[in-house]
Amino acid sequence: MTTETIDRETGAPADPPAGAGPADGGADDWADDGWLPPRHPLLASIEAIDAALSSASACDPAYLGERERREALLALARLDGRLEAVRLQLTATAGELAHNEGYGSVGAWLAQQTRTDQRPNASDVRLARLLDQRWRQTAAALAVGTVNAAQARVIVDALEDLPEVGVPTEVLADAEARLVAEADHFAPKQLRILGRRILEVVAPEVYEAQEAKALAQEEERARKQTALFTRRIGDGTTKISIRVPDAVAVRLMTYLESFSSPRGPARLGEKVPSYRRLGHAFCAFLETADPKRMPLHGGDATTVLVTISLAELRQQLGAGELGADDRLSASEVRRLACTAAIVPVVLGGQSEPLDLGRASRLFTPAQRKAMAIRDKRCRAEGCEIPAAWCEAHHFRTPWSRGGRTDLTDGKLLCGYHHHRAHDEAFLHDELPNGDVRFHRRR
């Protein structure tokens, strides 16, 4: 006959009856004497749950009424969370078990025994230990079913993300209590958003100090990680990979989007991917850089020089040298000479420098304003891009052929049509109203 003696509070076996027990304390001797250690109430409860589930699965839910079906679904959802709470409590105590069976972690042991993946098991082990050792309010709410497992995970993650230094213990307790209370109103996704700002809600003064410190650390980390790499592809292009602080990226994208929106050829019906438009905008952005505002380089303002012979500059063919290894077409040199901060070095027959860029090569701001008032838009036929987005072009007599930089010789063209004006594949005519009509060479 088995006598049940058990501690109702802890579930641990109580002392055996007087006179019972073996000399050496072996389990078999306990059985021989007619006394067995009582079954732990947790195991008995699990057996009862198993039996109840077997009974429930044998029932056909089709015969439930709408109210009963609603009641059953909500009750099972709550019970699922409570069952998960019990499982996590056990998981938090399973370290020695996994070690004794030769596993390096509880997650690995669970993965092997339950034929599941190790990563989610490791996540469960972490959650179990944090609920057991630190976030007791969340654990209690999970145990009674007021917080489900997904919400508990979000709450713990949010609390663990709070700074380890500078946040008082009572503030952490308030933050946990607030998140547990909000779990009654919000799903995990919304609860995660609230969790990111929970310190601001429960302790604004602490949040401000921590936010300032976090921003300073983030900015310093971003500064150390800032880098730029270039790699020549070999087909006339170079791949640029750059990592910059978020604020710098926002600033750059603001500039590039302003360049790409009205300047790109998509306004003329061409389908151009956004990434290509931004690439073109980046090139146009660099062309607008003012060398006078650059750092001094060799005692003078930073300047890019393009070397080309006078004959090649005036002819349809030829190329200019940009540094030691790079070349530009003559038409591209002529286009850059209109507006870009690039100085053409024009060479005579004996390769002597004839002109390092006339002082009046670029239209002045006052001239540009006058042209904007006069032209109001890009002067290409049918183009509606406003003057503010256009570039000043030496139209009648190109600067490369001795043209003058004055109002009568200048026209406003958008970036797309300015390229066309210097493209050898296109011809252009001036219409009676002053507009410019482009057409391909035949």
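It should be noted that the structure appears before, not after, this text.
A brief look at the structure comes next. (Residues numbered from 1 in each chain as written. Predicted model: local features only at pLDDT ≥ 70, side-chain atom pairs only at ≥ 80, totals over all residues. Heavy atoms only, no water.)

### So, the overall build of the protein
Working step 1: What the protein contains, in helices and strands, is 18 helices and 13 strands.
Working step 2: Burial status across the protein gives 30% buried among its 442 residues.
Working step 3: For the protein, long-range pairs separated by at least 24 residues make up 50% of all intrachain contacts whose partners lie at least 6 apart in sequence. (Helix = DSSP H or I, 4+ residues; strand = E, 2+ residues; numbered from the N terminus. Buried < 20%, exposed > 50% of the residue type's maximum accessible area, 1.4 Å probe, protein only. Contact = heavy atoms within 4.5 Å.)

### Overview of a negative patch on the surface
Working step 1: A grouping of Glu-211, Glu-218, Glu-219 and Asp-246 is seen on the molecular surface, where their side chains present a negatively charged patch.
Working step 2: Here the negative patch gets 3 residues from one element, more than from any other, and that element is helix α12 (residues 204-225).
Working step 3: Take Glu-211: it is sitting in helix α12. (Patch = residues over 30% accessible without salt bridge, like charges linked within 9 Å, V, L, I, M, F, W, Y side chains within 5 Å. Areas by Shrake-Rupley, 256 points an atom, 1.4 Å probe, with all protein chains shown as cover. Salt bridge = Lys/Arg side-chain N within 4 Å of Asp/Glu carboxyl O. Lys, Arg positive; Asp, Glu negative; His and termini not counted. Charge placed at Lys NZ, Arg CZ, Asp CG, Glu CD.)

### Some words on the pairing of strand β10 (residues 391-394)
Working step 1: Side chains of β10 alternate between two faces, with Glu-391 and His-393 and Ala-392 and His-394 buried alike.
Working step 2: Of the strand pairs in this sheet, β10 and strand β11 (residues 410-413) are connected by 4 bridges, and their pairing is antiparallel. In the sheet register, His-393 faces β11, and the bridge partner there is Lys-411. (Pairing = 2+ DSSP bridges.)

### Some words on the environment of Arg-192
Working step 1: Mapped onto the elements of the fold, Arg-192 is located in helix α10 (residues 188-196).
Working step 2: Relative accessible area serves as the criterion here: at 40%, Arg-192 is assigned to the partly exposed category.
Working step 3: Taking C-alpha positions, Arg-192 is 8.6 Å from Asp-157, a pair spaced 35 residues apart along the chain.

### Considering the pairing of strand β2 (residues 238-243)
Working step 1: In terms of strand pairing, strand β1 (residues 227-232) meets β2 through 6 bridges, oriented antiparallel. Looking at the pairing, Phe-229 lines up with Ser-241 of β2.
Working step 2: Taking the residues that link successive antiparallel strands as the turn, the β1-β2 hairpin has 5 residues, and the phi of Gly-234 there is positive, at about 105°.

### Here's the deal with the pattern of salt bridges
Working step 1: Counted according to the given criterion, the structure contains 16 salt bridges.
Working step 2: A salt bridge links Arg-87 to Glu-84; its shortest N-O distance comes to 2.8 Å. Of this pair, Arg-87 and Glu-84 both sit in helix α3 (residues 66-91), 3 residues apart, which is roughly one turn of that helix.
Working step 3: Take Arg-87: its relative accessible area is 31%, and that puts it in the partly exposed class.
Working step 4: Exposure remark for Glu-84: the relative accessible area of 17% places this residue in the buried category.
Working step 5: The partner of Arg-223 in a salt bridge is Glu-220, with the nearest N and O atoms 2.9 Å apart.

### Observations concerning the nonpolar core
Working step 1: In terms of nonpolar packing, the biggest core is built from 31 residues, with Val-147, Ile-155, Leu-159, Leu-162, Leu-179 and Leu-199 touching the most fellow members.
Working step 2: Of all elements in the fold, only α3, α6 (118-133), α7 (136-144), α8 (149-160), α9 (169-182), α11 (198-202) and α12 reach the threshold of two or more residues within this core.
Working step 3: Apart from the residues within four sequence positions on either side, Leu-159 is in contact with Trp-135, Leu-172, Ala-175, Glu-176 and Leu-179.
Working step 4: Counting residues in hydrophobic clusters, the runner-up holds 18 residues, among them Phe-363, Phe-395, Leu-412 and Val-436. (Core = buried A, V, L, I, M, F, W, Y, C linked by side-chain atoms within 4.5 Å.)

### Focus on the packing of helix α5 (residues 106-114) against α6
Working step 1: Closest axis-to-axis distance for the α5/α6 pair is 8 Å, and the angle between their directions is 130°. Our classification of the angle between α5 and α6 gives oblique. Note that α5 runs across α6; the crossing there is right-handed. Counted together, Val-106, Gly-107, Ala-108, Leu-110, Ala-111 and Thr-114 of α5 and Gln-118, Asn-121, Ala-122, Val-125 and Arg-129 of α6 form the full contact between these two elements. (Axes fitted to C-alpha atoms, helices over the stretch in contact; angles between N-to-C directions. Parallel < 35°, antiparallel > 145°, perpendicular 65-115°, else oblique. Left-handed = near helix turned anticlockwise from the far one by under 90°.)

### With respect to the side chain of Gln-151
Working step 1: Mapping Gln-151 onto the fold places it in helix α8.
Working step 2: Residue classification places Gln-151 among the buried positions, given a relative accessible area of 5%.
Working step 3: Separated by 2.8 Å, the side chain of Gln-151 and the backbone oxygen of Phe-186 make a polar contact.
Working step 4: Setting aside anything within four residues of it in sequence, one finds Gln-151 in contact with Thr-146, Ala-183, Phe-186, Pro-188 and Leu-191. (Polar contact = N/O pair within 3.5 Å; in protein donor to acceptor, adjacent residues only side chain to side chain.)

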